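Residue-level listing of the chains:
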Amino acid sequence: MALRVGSAALAKRLFLGSSLRLSSGALPALSVRARRYDISNYGYSGPLHRNFHSTTRRLQEAVKAEDDKTYEFQAETRMLLDIVAKSLYSEKEVFVRELISNASDAIEKARYLALQGTDLDSSEATMKIHITTDKYSKTLTLQDSGIGMTKEELMDNLGTIARSGSKAFIQQLQEGGGADPQSIIGQFGVGFYSAFMVADKVEVYTKSRLPGSTGYRWSSDGCGKYTIDECSDVEPGTKIVCHLKVEDREFADDQTIKDIIKKYSSFVGSPIEVNGEPANNIQPIWLMDPKEVSPAQHEEFYRYVGSSYDKPRFTLHYCTDAPINLRCVLYVPEGKPGLFDLNREGVGGVALYCRRVLIMNKAENILPKWLRFLKGVVDSEDIPLNLSRELLQDSALIRRLRTVIQNRVIRFLFDKSRKDPESYAKFFTDYGIFIKEGILSAQEQVEKEEIAKLLRYESSGKPADEAVTLPEYISRMAENQKDIYYLAAPSRELAESSPYFEALKKRNVEVLFCYESYDEVVLMQLQQFSSRKIVSVEKELRQDKEDVNFDDAESGLRRTEANELMNWLKTVLAGRCWTVKATPRLETHPCVVTVEEMGAARHFVKTQFSQVSEEARYSLLQPQLEINPNHPVIVKLNSLRETNPRLAELTAKQLFNNGMVLAGLVDDPRTVLSSMNELLELALEKH
């Protein structure tokens, strides 16, 4: 009786996902690209015509032993088997993943051939994977209702390490002009042998679904020989019985197996039952049409993959085949990041899958570090992995994948900021530090500017608590304004009262306010945006070449008086102040201190000032004192030089100290108070 599975929906499903194993550094000839990346499995390997189980090419690795039913692995193969069983995988539990993936492949092959009209034995044709545990006999049994194997295929697929029946099956499909069934994963023939990590004996009972096929029993202890016997009462498909080692008897516990399935194989294409109970009932929603997934499904899936109890704040469900095959669902958590999330050495929350099979629970290389706050799943057939499916290879392709995901996330967040500015503002308050980290860690200017589109700062041109973007700032710039200006200050009040802001405010130039200490470092690293330099207002003030018009001064100093005062100040402040100049940019402040790179100087003060002597500090900073010759304090200071030299000297030093504090160039403000009492005493003598 022919097995007819079928509908167009089933055919479509066939090409969407299943699971198996991978490429090798130990086997150079097997090194692969992502689409062809997996393990051993069992199943059809003959040519694609009516009698598709015709004689296969006999491989030389299996040789007859003393009798007709016993075969030996060659010496090289025995060595390789030992490596696979003992050294290839970092965790023993992955053998369950490997065997389930093989079983799923065998079922997918049966489905595919049935859809092609091939006559198959339909007995016991429920396409499921049954797992049975037995603690008393220390056995783990895994049975599938897939395509099964002939004797030749047993020898080819299980008697030969690193030969995959799935790979041969796909190659024959392609040679015959058929489609590539993407739900079939295994391609490298080593995953089956991972069972020997935990078993001292493995038995395989199999029967091909070709009508009239014979059942066989394959058995091996993994030490060099295997036997093949005809066996009656074998159901079509394959059953694997693992006789567990004493130290690995934990794998005969049903809850242990369920936990492993939940971790690695929740989304394989075939139903899995453990001792008769369903073990994988969660849908791989990243493979579904984004329009067909409800918010409730996303919420449930987010809690599953993120081990979280909150809801996703934002959801990005993204599918593409160019420039790289990619299926992903990424979530921004509703809650604020915790202390461990902020740690750059922390592990991200995105799981890496390949054709529904978990590769890495927390993949570090798939996303850049600054996106580690995201949770979700990334699935790509193009991901190159090593033989054990635990390490990523081909760094160029991984970088490409990382860039594709990063660009899509940036575009998604930027769109969210325009369509839902209120929600984005809350997100930026909670997660803005990660975006700023992204700019600091980016290597290319183009990448920095893409991330910078997500920045938000308060501005002198907008009310308090209303942030603006860099593109918005540029759109409001005057035609003669070339640069983007920012001012670092602890609060808006201090920023608006700053002497550095005074001049630009008078000219009606918009200034961005940076309240966090690291904001200035971020903008210094960014350097420019959309061909506009990003400049601190302190630097703009220092570079200003406008001269003071002393002729218009009514109550201020004359040119000669100002020149004499500046020369005197240089003498009094020698060793601390490098130059003194008069500036027309100040109105309400008597003076201000500037250095060439104020942002870098402040960063130096905060991080390394304590390690440098006072003399060396000023030598490195080379501060410049800029005075307002029309301010009453400066005018009075000039007259004090003659009438009270000591009070004038103390006042000059205090003005300079005040300027250094205001500029953020003093690591310990207590150091500027040493002469304060004497200054007050002299100032109050006549009162």
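Here, every reference points to the structure presented above.
The text that follows walks through the structure, step by step, so that each part is easy to find. These numbers were taken from a predicted model, which means no experiment stands behind them.

## Here's the deal with the pairing of strand 22 (residues 579–582)
Burial along strand 22 is one-sided: the residues V580 and A582 are buried and none of T579 and K581 is. Of the pairings in the sheet, the one linking strand 22 to strand 24 (residues 624–627) comprises 4 bridges and is parallel in character. For A582, the partnering residue across the bridge sits in strand 24 and is I627.

## Structural notes on the packing of helix 21 (residues 645–662) against helix 22 (residues 676–683)
Axis separation between helix 21 and helix 22 bottoms out at 10 Å; the angle between their running directions is 135 degrees. Judged on the interaxial angle alone, helix 22 and helix 21 are oblique. In terms of crossing hand, the pair formed by helix 21 and helix 22 is left-handed. On helix 22, the residues touching R646, L647, L650, T651 and Q654 of helix 21 are M676, E678, L679, L682 and A683. Here the contact of helix 21 with helix 22 is built from residues that sort into 6 nonpolar, 2 polar and 2 charged.

## Things to note about helix 19 (residues 614–621)
All of the buried residues along helix 19 are R617, Y618 and L621. Take helix 19 and look down its axis: the buried residues cluster within an arc of 90 degrees, on one side only. The exposed residues of helix 19 that point more than 90 degrees off its buried face are E615 and L620. The elements touched by buried residues of helix 19 are helix 18 (598–608) and helix 21. In the stretch just after helix 19, Q622 is the one whose phi turns positive, near 50 degrees.

## Some details on the nonpolar core
In this structure, L625 and I627 are the most contacted members of the largest nonpolar core, which totals 109 residues. Broken down by element, this core gets its largest block of residues, 9 residues, from helix 9 (residues 395–419). Setting aside residues up to four positions removed in sequence, L625 forms contacts with L569, L573, C577, T579, V580, K581, C591, V592, V593 and F656. The next biggest cluster of nonpolar side chains, apart from the first, holds 67 residues, and it includes I107, F196, F251 and F301.

## Brief notes about unusual backbone geometry
At D233, a residue that is not glycine, the phi angle is positive and equals roughly 60 degrees. Inspection of the secondary structure puts D233 in the loop between strand 7 (225–230) and strand 8 (237–244). What makes D233 exposed here is its relative accessible area of 80%. Unusually for a residue other than glycine, Q527 sits at a positive phi of about 70 degrees. With respect to the helices, strands and loops of the structure, Q527 is situated in the loop between helix 15 (519–526) and strand 20 (528–529).

## A few points about the packing of aromatic side chains
Tallied over the full model, the rule gives 23 aromatic pairs. Ring centres of F95 and F251 lie 5.2 Å apart, and the angle between their planes is 90 degrees; on these two criteria the pair is classed as edge-to-face. Of the two residues, F95 is situated in helix 3 (residues 94–115) and F251 in the loop between strand 8 and helix 6 (254–264); the sequence distance between them amounts to 156 residues. Summarising the burial analysis for this pair, F95 and F251 share the class buried. For the pair Y424 and F427, a centre-to-centre distance of 5.4 Å together with 50 degrees between the ring planes defines the contact as tilted. In this pair, Y424 and F427 are both assigned in helix 10 (residues 421–441), 3 residues apart and thus about one turn of the helix distant.

Cut-offs and rules
Going along each chain's sequence as written, the residues are numbered from 1 onward. At least 70 in pLDDT is required for a residue's local features to be given in this predicted model, at least 80 for side-chain atom pairs to be given and counted, and no such filter applies to totals for whole chains, interfaces and linings, which use all residues. Think of the side-chain values as coming from all heavy atoms in the structure, minus any hydrogens and water. Only protein chains enter the accessibility calculation, which uses a 1.4 Å probe; a residue whose area is less than 20% of its type maximum is buried, one above 50% is exposed, and one in between is partly exposed. Helix and strand definitions here come from DSSP, where helices need a minimum of 4 consecutive H or I residues and strands a minimum of 2 consecutive E residues; each element is numbered from the N-terminal end. Any two strands with at least two DSSP-identified bridges between them are counted as paired. The axes used here are C-alpha line fits, helices contributing only the stretch in contact, and every angle between their N-to-C directions lies in the interval 0 to 180 degrees. Each angle gets one of four labels, with under 35 degrees taken as roughly parallel, over 145 as roughly antiparallel, 65 to 115 as roughly perpendicular, and the rest as oblique. Rotating anticlockwise by less than a right angle from the far helix to the near helix defines a left-handed crossing, while the corresponding clockwise rotation defines a right-handed one. We call two residues in contact whenever any of their non-hydrogen atoms come within 4.5 Å of each other. Residue polarity is assigned by list, with Asp, Glu, Lys and Arg as charged and Ala, Val, Leu, Ile, Met, Phe, Trp, Tyr, Cys and Pro as nonpolar; anything else, Gly included, falls into the polar class. By construction, the arc corresponds to the directions joining the helix axis to the C-beta atoms. To qualify as a nonpolar core, a set must consist of buried Ala, Val, Leu, Ile, Met, Phe, Trp, Tyr and Cys residues joined through side-chain atoms within 4.5 Å. Note on aromatic contacts: the rings of Phe and Tyr and the six-membered ring of Trp form a pair at centre separations within 6.5 Å, being stacked when their planes are under 30 degrees apart, edge-to-face when over 60 apart, and tilted otherwise.

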